[in-house]
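A look at the structure
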Amino acid sequence: MKKVIFITTLLIFGFALHGLGQTVYSSAKGEKYHTADCRLSGDAGPLTMAEAKKAGKGACEICKPNDLGKAKLNQCTGKTADGTRCKRKTANKNKKCFQHQ
Ligand SMILES: [Zn+2]
Ligand SMILES: [Zn+2]
């Protein structure tokens, strides 16, 4: 039984680490970190979530970067100017990226 708990702990820990390795976006002076799709990410550069947290940044309340990397991303259902399906991934409920909603 102890072994099961040990493995479970390892798994949870592994997931947590994976989450912290998630790439988020934040500008140098930004107090929040964002997902790639967030309309507030602006000129933000990529960094890992662990780095963002270390720098004292908080998760954006609009794009909600998720600690466990579980934010479910859907491909945007919008169409680009040439009529092809938008390739952006979005966590928005309406399945539209920031450009198409
Ligand atoms: Zn955001
Ligand atoms: Zn789109």
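See the structure above.
A brief look at the structure comes next. Because the structure is predicted, anything quoted here is derived from the model rather than measured.

Some details on the overall build of the chain
Helix and strand content of the chain: two helices and six strands. Counting from the amino terminus, the chain carries its helices and strands in the arrangement α-β-β-β-α-β-β-β.

Remarks on the nonpolar core
Among the nonpolar cores identified, the biggest contains eight residues, and these are Val24, Tyr25, Tyr33, Cys38, Met49, Ala52, Cys60 and Cys63. Counting residues per element, the ones that place at least two in this core are β1 (23–26) and α2 (49–54). Not counting residues up to four positions away in its chain, the partners in contact with tyrosine 33 are Val24, Tyr25, Ser26, Met49, Ala52, Lys57, Ala59, Cys60 and Pro65.

Examining the environment of cysteine 63
Structurally, cysteine 63 is set in the loop between β4 (58–59) and β5 (74–75). Sequence-distant contacts of cysteine 63, that is, excluding residues within four places in its chain, are made with His34, Thr35, Asp37, Cys38 and Ala91.

Describing unusual backbone geometry
You will see that lysine 64, though not glycine, has its phi angle at about 50°, which is positive. Within the element layout of this structure, lysine 64 appears in the loop between β4 and β5. On the neighbour-count criterion, lysine 64 (12 C-beta atoms within 10 Å) is exposed.

Remarks on the environment of cysteine 60
For cysteine 60, the position within the fold is in the loop between β4 and β5. Residue cysteine 60 is classed as buried on the basis of its C-beta count, with 22 C-beta atoms lying within 10 Å. Each C-alpha atom, one on cysteine 60 and one on glutamate 31, is 8.8 Å from the other, the two residues being 29 residues apart in sequence. Apart from residues lying up to four places away in sequence, cysteine 60 is in contact with Lys32, Tyr33, His34, Cys38, Leu40 and Pro65.

Criteria and cut-off values
Residues numbered from 1 in each chain as written. Chains lettered and ligands numbered in written order. Predicted model: local features only at pLDDT ≥ 70, side-chain atom pairs only at ≥ 80, totals over all residues. Helix = DSSP H or I, 4+ residues; strand = E, 2+ residues; numbered from the N terminus. Core = buried A, V, L, I, M, F, W, Y, C linked by C-beta atoms within 7 Å. Buried ≥ 20, exposed ≤ 12 C-beta atoms within 10 Å, placed from the backbone. Contact = placed C-beta atoms within 7 Å.

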